[in-house]
Amino acid sequence: MDIFGYKTQGCRRALCIAGYILSCGALRLLFYWKPEWHVWISCIQCSLEEADIVLLRTTDDFRTYSRKTVTWISMSAFIKSRSDNPAIEEDSIFSKAIMKPSLLVKTIQVQKIRYVWNVYAKQFQKIGVLEDHYTCSAIHDKFGSGLTCNEQNVRRVICGPNTIDVPVIPIWKLLIKEVLNPFYVFQLFSVCLWFAEDYMEYANAIIFMSLLSIFLTVYDLRKQSIKLHRLVESHNNVMVTVCRNKEGFQELESHHLVPGDMLILKEGKTLLPCDAILVSGQCTVNESMLTGESIPVTKIHLPRADNFQPWRVYCAEDYRKHVLLCGTEVIQTKADDRGVVKAVVLRTGFNTAKGDLVRSILYPKPMNFKLYRDALRFLMCLIEETGEVVKKALDVITIAVPPALPAALTTGVIYTQQRLKKKGIFCISPQRINMCGQLNLVCFDKTGTLTEDGLDLWGLLPSERSCFQDIYSFPADHGLPWSPVFKALAVCHSLIVWEDKIQGDPLDMKMFEATNWNAGQGPTHATVVRPGLKATTAPVEGITILHQFPFSSALQRMSVIAQEIGGDPQAFIKGAPETVATLCRAETVPSNFESKLLLYTAQGFRVIGLACKSLQAGKLPAALTREEVESDLTFLGLLIMENRLKRETKPVLEELTAARIRSVMVTGDNIQTAITVAKNAGMIAPTHRVILVEANKEPGSFSASVTWKSLQENKIEDCRINTEVTGIRLALGSGQYHFAMSGKSYQIVAQHFRHLLPKLLLNGTVFARMSPSQKSSLVEEFQKLDYFVGMCGDGANDCGALKVAHAGISLSEQEASVASPFTSRTPSIACVPELIREGRAALVTSFCMFKYMALYSIIQYLGVLLLYWQLNAFGNYQFLFQDLAITTVIGVTMSFTRAYPKLVPYRPPSQLTSPPLLLSVVLNILFSLSMQIFGFVVVQEQPWYSKTNIHSACLSVNNHERNSSSSLGLHGVRDGAQEQIDNGFKSYENTTVWLLSTINCLIVALVFSKGKPFRQPIYTNYVFMLVLTVQLGICLFLVFADIDDLYSKMDLVCTPTTWRISMVGMLAVTLAVSFLVEEAVIENRPLWLLLKKTFRYRSKSHYKRLQQVLEQDPAWPPLNETFFSDSVAVTVEGNMGGHSNPTFDSSEDSL
């Protein structure tokens, strides 16, 4: 976000006020829409240090401006002099923000976040967070005893209250905001003009429609405001215990908390009112409110590491294991030897995880989708075109924007949202529905998404004296024999006893159930496991789990310290077999470890390595570091688990492949397992080849290498024989190959071989051992290649990728997981094609709506322009009938058409300016123009036509009929006609042009309401067909009716039956031509492909251009080659580090 400083000038401000008065408030309204203009006119630019007004500009494509006023906070009440102020450290932002000697703090508030002016750095810096520069030991030393009262007061005044305050917006505010929308201001201008020109009924109808639209919007916004207020209300009223330096424990309301406060977590359930770093003890947290994951998560305290790295850098990705998030519930606490469970407040208010979520709802990221930009341009073109061509009357400009437009634009998306909801797919970001119609690549997590969530135990391969023993298969008649590997299964897990039930990770549950032991709580809240009734006899009464190092995606392992009752402590580790083996003593790892691992992973099994180590009896478990525990281990064996594919996986992936939508697997599992699952699921065809990409970094140097190996029949083959290589090359040349790589290789390639990354992504299908941040980074890299990326995942480790993707789909039982725009209640990927189908249908509906609205407006212009030629115009009821009875009803019912059940192998166009759409609109304008001009000219050539006598046609027909009733009837017509001639409405031209243009609107609606291949045939939309039939019936009735009162009211005149039939003939010809052109030209895909080929059209998409280049490259892909890089690595820490919510720009630390 760019920031500019401005200073208010009195004389300029006075001129602005004078402008408001002279323009009757119009200038003020303009400044409301364009705050930057107000700042530029009323202020002069200056440095940020002197500024009292700040102008912010987003750095996205929209470059939106917002105006902020600088406010000052006085600190004199808390700081009498520098000497008696121990509250402020020199290196703290609180010290750097207070100006001397005035003791004032300069602040601005951006999207609910407060920024203070850093006097030394000369920039605005985010407040309400603990600074990142503190090391682990500094956090323990500086905040371990708590803040003093004075320190707490200073911080509270500068940071503001720890509340996520979302007040319910008053109805009058919502009303004013909605009414000041440019569309409604334009409508107001139109209505005033119509009243001035005596278009009473039409103006009243538009007022009614606009008020209805405003009230519905306000009602919806008010409902959302109340819902959001209730969601965060409970957070603001929690009683907490804090530790005060020199004053002991103190109870206070949570809104008084500040970063640096020492929070005491008591036993029992606690709702966290802030983000905090756990500094002593251990606790179990339910994070389902934030992630949708109902599995309890274990948090461990921050280590007391004595180094110079900031705590977050030192902990790397594992920093989350020490952070308790606001809005989550602590369900169990476990104190260590220091007595109580303590946490240092890290973030308060809207800076917290929950505040972050609420801000993403309050300030959603604007979607940069071409459809919406083209829509605005379309409206502007309509207004400008009208203004240029017709200068005679202002009311023609008001025809430019159809009153039904706002309703029509939203109905399509709303109906799609309702259809998705019926199918169990919930959406919290409706703008993204249209984007789903453009998806051409979907990333899938593996476990729980493509495969069943629960793993079944298949076998246990124990290792003794560095040799693998006989495999133990599950299920078996007899229990597992007592051994070190049995102990590992019994204790090496993160299960807890909560509400008298064992809860935790499904993998841990399966593993523990296999032992037939029971879990319970010991006297110190430690988990104690004991033999169950069906368990094998064991020489121990039970085992106590003393300490736990939770599973880390980055480290790919977990460990526990456990102690047999009356025995010595031992450490048990489980994790990725490759990782566990590297931590074990080499002499304990079997020599055939790699071949055995490959044997099982290649069959698609999930394999877990187990290891153990004896610990010194005297040392306290909490005092041991993870590095000490997880080293010099004894390898115990491999646990083999079966991960079955879900029933829906293969058919869904086949459907996506048939629709030319790429499927990519992004998993944290072993690469061999992932490749096998990809083959079984159909992601990799049996005839296609897999190329394993392995990148390695030389320790202690900047150089790195990348090797390409071909995998076939579960072994790495040697491709040195020339004839074999030639055969492979032929297969690879046709694109029948897939790259597979690990997260480690991906990161090294991204850092050292940046130029290779796009080429790898083009055919990359399996990405294994990927950390959460690498998943997010991968999605962003695909987006850089111009792919429209969907991400489907089931858990917390996918949150980042779900948010970054164009369409993130979370498979969660929560109604709306906050992690992603879409949530499917059915935990299967069947929702993905469903969402793409509905997205395509919604996108096509939007285009149909725009085309129809454009044509309807232009048809109306053409009619008005032709009549202006005769100094005539449409009557009041004529406008009313076209706008309300025809267009509004069509606009609302056109969107009822459902999605086509089959996904075709191409996508709908993504922009309104695509050649087929433009040609369709232009040709239909020409057809309408031709028909109206033809009718307008030909009616004047008729023998019964008279410019002055508007009843001459019927009079000449009925010349010989002289009965009294017809005379009376003609008198009525004549009198009424004479009255209307003065108004300039009734004429043969008016009747002809109005009837032709009205029925033409129905023709256009029918022609544009396309069905296949993205929507069901139009006849399946029964409501729309009924509406069109009724409207056509009414229009034909108006054409052939001879009811004087009706004609008089509608400003129509009587014409001979032959002319009426001629008009119907003109309309029939227009319908036939429009329909034929739409089907034979506009919807003729082979014709457009031929034109593209003829004119050598090249796609603008980066990935397609790259594809064409690689097809011509005989050296790609490399096989059994190694590339080296000596260049300095490209820093990608920003991409690879912890995921930051991209919903808003103002989450930056400084401005």
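First, a word on what this report is: a plain description of the structure on this page. As the structure is a computational prediction, the values presented were derived from the model and not from experiment. (Residues numbered from 1 in each chain as written. Predicted model: local features only at pLDDT ≥ 70, side-chain atom pairs only at ≥ 80, totals over all residues. Heavy atoms only, no water.)

Before going further, it helps to examine the pattern of salt bridges. In total, this model carries 25 salt bridges according to the counting rule given. Note that Lys-266 is salt-bridged to Glu-251, the shortest N-O span being 3.5 Å. Here Lys-266 is found in the loop between strand E12 (262–265) and strand E13 (270–271), whereas its partner Glu-251 is found in strand E11 (residues 248–253), with 15 residues between them in sequence. Within this structure, Arg-419, Lys-423, Glu-655, Glu-834, Arg-837 and Glu-838 form a network of salt bridges that share partners. (Salt bridge = Lys/Arg side-chain N within 4 Å of Asp/Glu carboxyl O. Helix = DSSP H or I, 4+ residues; strand = E, 2+ residues; numbered from the N terminus.)

This paragraph deals with the pairing of strand E32 (residues 606–614). Side-chain positions along a regular strand alternate between the two faces of the sheet. Taking burial as the measure, the 9 residues of E32 include 7 buried ones, the bulk of the element. Two elements, strand E31 (residues 569–575) and E32, share 6 bridges in a ladder whose sense is antiparallel. Considered in E32, the bridge of Ile-573 is made with Ala-611. The pairing of E32 with strand E33 (residues 634–642) spans 7 bridges and is antiparallel. (Buried < 20%, exposed > 50% of the residue type's maximum accessible area, 1.4 Å probe, protein only. Pairing = 2+ DSSP bridges.)

Moving on, we get to the side chain of Thr-284. For Thr-284, the location among the structural elements is in strand E15 (residues 282–286). Judged by relative accessible area, Thr-284 falls into the buried class, the value being 5%. Not counting the four nearest positions on each side in its chain, Thr-284 is found in contact with Pro-296, Val-297, Thr-298, Glu-329, Val-330, Ile-331, Gln-332 and Ile-496. (Contact = heavy atoms within 4.5 Å.)

To continue, consider the nonpolar core. Ranked by size, the top nonpolar core spans 57 residues in total, and within it Tyr-852, Ile-886, Ile-890, Met-894 and Trp-994 carry the most contacts. At the level of elements, helix H28 (831–869), helix H29 (876–893), helix H30 (915–940), helix H33 (988–1008), helix H34 (1022–1040) and helix H36 (1057–1082) are the ones that each hand at least two residues to this core. Per-element tally for this core: the top contributor is H33, with 13 residues. Residues Val-442, Met-665, Phe-788 and Phe-822 belong to the second largest nonpolar core, which totals 44 residues. (Core = buried A, V, L, I, M, F, W, Y, C linked by side-chain atoms within 4.5 Å.)

Let's shift gears to unusual backbone geometry. Put simply, Lys-1012 and Pro-1013 share a cis peptide bond, and its omega is 10°. Note on placement: Pro-1013 falls in the loop between H33 and H34. Pro-1117 follows Trp-1116 through a cis peptide bond whose omega is 0°. Along the chain, the position of Pro-1117 falls in the loop between helix H38 (1102–1111) and strand E43 (1122–1125). Unusually for a residue other than glycine, Asp-1051 sits at a positive phi of about 60°. Mapped onto the fold, Asp-1051 is located in the loop between helix H35 (1044–1049) and H36.

With that out of the way, let us pick up the environment of Ala-276. Tracing the backbone through its elements, the reader meets Ala-276 in strand E14 (residues 275–280). The class for Ala-276 is buried, based on a relative accessible area of 0%. Sequence separation between Ala-276 and Asp-261 is 15 residues, and the spatial gap between their C-alpha atoms is 9.2 Å. With residues near it in sequence (within four places) discarded, Ala-276 still touches His-322, Val-323, Leu-324, Ala-343, Val-344, Val-345 and Leu-346.

The subject of this paragraph is the packing of H34 against H36. Close contact between H34 and H36 brings their axes to 9 Å; oriented N to C, the two are set at 150°. Taking contact as the criterion, the partners of Leu-1036, Val-1039 and Phe-1040 in H34 are, on H36, Arg-1060, Ile-1061 and Val-1064. Residue composition of the contact of H34 with H36, by class: 5 nonpolar, no polar and 1 charged. (Axes fitted to C-alpha atoms, helices over the stretch in contact; angles between N-to-C directions. Nonpolar A, V, L, I, M, F, W, Y, C, P; charged D, E, K, R; others polar.)

On to the sheet that holds E13, then. With antiparallel pairing, the 4 strands of this open sheet are ordered in space as E13-E18-E15-E16. If you trace the sheet from one side to the other, it starts and ends with E13 and strand E16 (297–300), each paired once. Where E13 meets strand E18 (residues 329–334), 2 bridges bridge the pair, whose relative direction is antiparallel. Each residue of the ladder has a partner; that of Thr-270, found in E18, is Val-330.

Together, Arg-660, Arg-1085, Lys-1092 and Lys-1104 line one region of the surface with positive charge. By relative accessible area, which is 33% here, Arg-1085 ends up partly exposed. (Patch = residues over 30% accessible without salt bridge, like charges linked within 9 Å, V, L, I, M, F, W, Y side chains within 5 Å. Areas by Shrake-Rupley, 256 points an atom, 1.4 Å probe, with all protein chains shown as cover. Lys, Arg positive; Asp, Glu negative; His and termini not counted. Charge placed at Lys NZ, Arg CZ, Asp CG, Glu CD.)

Our next topic: a nonpolar patch on the surface. Together, Leu-30, Tyr-32, Trp-33, Trp-37, Trp-40 and Ile-41 make up an exposed nonpolar region whose accessible area comes to about 550 Å². Listed by contribution, the elements that provide at least two residues to the nonpolar patch are helix H2 (26–33) and helix H3 (35–42). Turning to its location among the elements, Trp-33 is positioned in helix H2. Judged by relative accessible area, which is 32%, Trp-33 ranks as partly exposed.

This part covers the environment of Leu-638. If you trace the backbone, Leu-638 turns up in strand E33. Under the relative-accessibility criterion, Leu-638 is labelled buried at 0%. When the C-alpha positions of Leu-638 and Leu-460 are compared, they lie 6.0 Å apart, and in sequence the two are 178 residues distant. Contact partners of Leu-638, with chain neighbours within four places excluded, come to Gly-459, Leu-460, Leu-461, Phe-468, Pro-577, Phe-593, Val-607, Ile-608 and Gly-609.

Bringing the sheet that holds strand E17 (residues 323–324) into the picture now. Pairing in this open sheet of 6 strands is antiparallel, and the strands run E11-E10-E12-E19-E14-E17 from one edge to the other. Both outer strands of the open sheet, E11 and E17, are each paired with one neighbouring strand and no more. In this sheet, strand E19 (residues 341–347) lies alongside E14 in antiparallel orientation, the contact comprising 5 bridges. In the sheet register, Ser-280 faces E19, and the bridge partner there is Lys-342. Helix-sheet contacts for helix H5 (residues 136–143) involve E12, E14 and E19, and the interaxial angle to E14 is about 90°.

Within the secondary structure, Leu-252 sits in strand E11. Leu-252 sits 13 residues away from Met-239 along the chain, and the two C-alpha atoms are 5.8 Å apart. In contact with Leu-252, not counting residues within four places along its chain, are Gln-152, Val-238, Met-239, Val-240, Val-242 and Arg-244.

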